[in-house]
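Residue-level structure breakdown
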Amino acid sequence: MKVITLGSGGWIPTNKRHTACYLIDTGESLIILDTGTGLSRLPDYKGILEKYNEVNIIYSHYHLDHLMGIVYLSNWAKNKKVNIFGPGRELGFQSCKTVLSDLLKPPYFVDINSIYKELEIVDYNLQGFQIGNLKISITKQIHKGGSFGITLGNKLHYATDTIECEETFKKAQRAKLLLHDFWSLEPEDNNEHSSLAGIKNMLKKFDVVRTGLIHINPNWNQETIEKLSQAILDESIFIAEDNMIFNL
Ligand SMILES: [Zn+2]
Ligand SMILES: [Zn+2]
């Protein structure tokens, strides 16, 4: 499985980082986790896109920094079947179909149902689902309005936009890579994102192979990020950047 960080930033795109979007080539299918502005980097990985007739998108939640890149996708995937999986009514949202249709209808955009060769929009629940032979597990997280962790087989656990939850780290022990939300050094009140101190505490309790910190605070400049990287002092934790490629 190849995992590429198309957008490792949180909330606001910066010169260095687009917002949440991760491209995965499982060898059997193409999966995109969240469609933030990082989706604009997709043509840099045309080779992967050209290999597949279907694009699978999985949403962690519907905050706009994770969603807005969906309006770029038709530039490269109009002739493909697009399957979209997102949290629905069972998980406290409107159905994924309603959320997307409401957001993308005129005058904001063109009707999403009229764009692709074929479009399927499916609500997921805590039972998870399959894409081909790959098992997708869903974990409840704590975040404003709700968000969900996504595990791909025994390879990747994606936990963006959440405070540190025991269940996340427990599940991530079975994966080769954990991509985890990171917003501040110390816990902040009323924020519902994660801090380095909180993540390190969890990693003391749970045996996670490798942790990449994602959804990086857009207010940090490169100098701050370099200082933070040095302060981490742990080989198994790193601050993710856009266009990193992991072979899991
Ligand atoms: Zn976010
Ligand atoms: Zn969010």
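Our subject is the structure listed above.
Given the structure is predicted, the values throughout are model-derived calculations rather than measurements.

Bringing the nonpolar core into the picture now. Nonpolar side chains tend toward joint burial in soluble globular proteins. Counting 59 residues, the largest nonpolar core has Ile58 and Ile84 as the members making the most contacts within it. Ignoring any residue separated from it by four or fewer positions in sequence, one finds Ile58 in contact with Ile31, Ile32, Leu33, Asp34, Phe85, Tyr124, Phe129, Ile131, Ile136, Ile150 and Leu152. Listed in part, the 19 residues of the second largest apolar core include Phe169, Ala172, Phe182 and Ile225.

Within strand 5 (residues 81-87), seven of the seven residues are buried, which leaves the element mostly enclosed by the surrounding structure. Across five bridges, the pairing between strand 4 (residues 54-58) and strand 5 is parallel. Residue pairing in the sheet places Ile57 in a bridge with Ile84 of strand 5. As paired elements, strand 5 and strand 6 (residues 118-124) share seven bridges and run parallel to each other. Within the sheet, the bridge partner assigned to Ile84 lies in strand 6 and is Ile121. As a crossover connection, the stretch from strand 5 through helix 3 (residues 96-104) into strand 6 is right-handed.

Counted under the stated rule, the structure contains five salt bridges. The salt bridge partner of Asp25 is Lys51, with a shortest N-O separation of 2.6 Å. Taken together, the residues span a long stretch of sequence, with Asp25 in strand 2 (residues 21-25) and Lys51 in helix 1 (residues 46-51) at a distance of 26 residues. When its relative accessible area of 8% is taken as the criterion, Asp25 is described as buried. Between Glu120 and Lys81 there is a salt bridge whose closest N-O contact spans 3.0 Å. Taken together, the positions of Glu120 in strand 6 and Lys81 in strand 5 put the pair 39 residues apart, joining distant regions of the chain. Under the relative-accessibility criterion, Lys81 is labelled buried at 16%.

Rules used throughout
- The residue numbers shown here count from 1 along each chain, following its written sequence.
- Lettering of chains starts at A and numbering of ligands starts at 1, both following the order in which they are written.
- Given that the model is predicted, a residue must reach a pLDDT of at least 70 before its local features are reported, and side-chain atom pairs must reach 80 or more before they are shown or counted; all residues, however, enter totals for whole chains, interfaces and linings.
- To obtain the side-chain values, all non-hydrogen atoms of the structure were included, while hydrogens and water were left out.
- In this text, buried Ala, Val, Leu, Ile, Met, Phe, Trp, Tyr and Cys residues form a nonpolar core when linked through side-chain atoms within 4.5 Å.
- Classification of residues uses two cut-offs on accessible area relative to the type maximum, computed with a 1.4 Å probe and protein chains only: under 20% is buried, over 50% is exposed, and between them is partly exposed.
- We call two residues in contact whenever any of their non-hydrogen atoms come within 4.5 Å of each other.
- Only DSSP runs of H or I covering at least 4 residues are called helices, and only runs of E covering at least 2 are called strands; the numbering of each starts at the N terminus.
- In this analysis, strands are considered paired if DSSP registers two or more bridges between them.
- For the handedness criterion, the strands are oriented away from the viewer, and a crossover whose path from the first strand over the helix to the second runs clockwise is classed as right-handed.
- By definition here, a salt bridge exists when the distance from a side-chain nitrogen of Lys or Arg to a carboxyl oxygen of Asp or Glu is within 4 Å.

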